[in-house]
Amino acid sequence: DVTNISKWRQQKQSAFLSREGFKLSFTPFFLEAVVKGLVQFPYINASVVGESIVLKKNVNLGCAVALGTTGLIVPVIKSADQLNFVGIARALNDLAGRARSKKLTPDETQGGTFTVTNPGIFGNTMGCPIISQPQLAILGIGAIKKRPVVVDDMIAIRDIVYLTMSYDHRVIDGSMSGQFLQFITNYLEKWDSSREL
């Protein structure tokens, strides 16, 4: 339920656009939640090398960018765990803009430790993304749509999004995946509406 985020984003959009020079999309909210989750669950931010599990020092977050009818590319926000919310938004805007204008360097699409993809931008409720090896997991974000839900025993219209995650069972089991997704859900649903940019 991202209703609180929707309201906060709407309130901050004008000031953000004026200050940063680009619109605040929903994606940075998900990316920040994922980064915080990967810090809490380091085995999801790992890889398998031979018979060893290698925990990664940094969160290098891949974010799929659609290129119109020519497919997509996955630029990587390096050391995303060292960035705040606005820093993540800036990095995403920069990489996505250069991806669409074909100005990325090869290094900017390599070294990802986890990927987020967003089939929801095409209106899809959800998708089942495939892991990009040697990463161990990938998160899919569906479309944010208004839906009737029960809140405090009453029907309410809320902004709802479905998240899906594919993961490598050699390291990540259903329990770890479920806890990671629950962490992200709680982070998004409990968004602090008094938060400043």
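The structure we're discussing is the one just above.
Description of the structure in this document. No experiment lies behind these values; they were computed from the predicted model shown. (Residues numbered from 1 in each chain as written. Predicted model: local features only at pLDDT ≥ 70, side-chain atom pairs only at ≥ 80, totals over all residues. Heavy atoms only, no water.)

Sheet topology places strand E9 (residues 145-151) next to strand E10 (residues 154-160); seven bridges connect them, and they run antiparallel. Residue pairing for E10: Lys145 is matched across the bridge by Ile160. Counted along the chain from E9 to the antiparallel partner E10, the turn is two residues long, and its residue Asp152 has a positive phi close to 50°. (Pairing = 2+ DSSP bridges. Helix = DSSP H or I, 4+ residues; strand = E, 2+ residues; numbered from the N terminus.)

With that out of the way, let us pick up unusual backbone geometry. The omega torsion across Gln133 and Pro134 is 10°, close enough to zero to call that bond cis. Locating Pro134 in the fold gives a position in the loop between strand E7 (114-117) and strand E8 (137-141). Here the phi dihedral of Ser79 falls at roughly 50°; this positive angle occurs in a residue that is not glycine. Residue position: Ser79 is located in the loop between strand E6 (76-77) and helix H3 (85-100). You can call Ser79 partly exposed: its relative accessible area is 24%. Of note, the phi angle at Asp152 is positive, near 50°, even though the residue is not glycine. By secondary structure assignment, the location of Asp152 is in the loop between E9 and E10. The exposed category is assigned to Asp152, whose relative accessible area is 70%. (Buried < 20%, exposed > 50% of the residue type's maximum accessible area, 1.4 Å probe, protein only.)

Counted according to the given criterion, the structure contains twelve aromatic pairs. Each member of the aromatic cluster is reached from another via a ring pair, and the members are Trp8, Phe26, Phe29, Phe85 and Trp191. Against the face of Phe26 rests Arg9, its NZ or CZ located 4.2 Å from the ring centre. (Phe/Tyr/Trp six-rings, centres within 6.5 Å; stacked < 30°, edge-to-face > 60°. Lys NZ or Arg CZ within 6 Å of the ring centre and 35° of its normal.)

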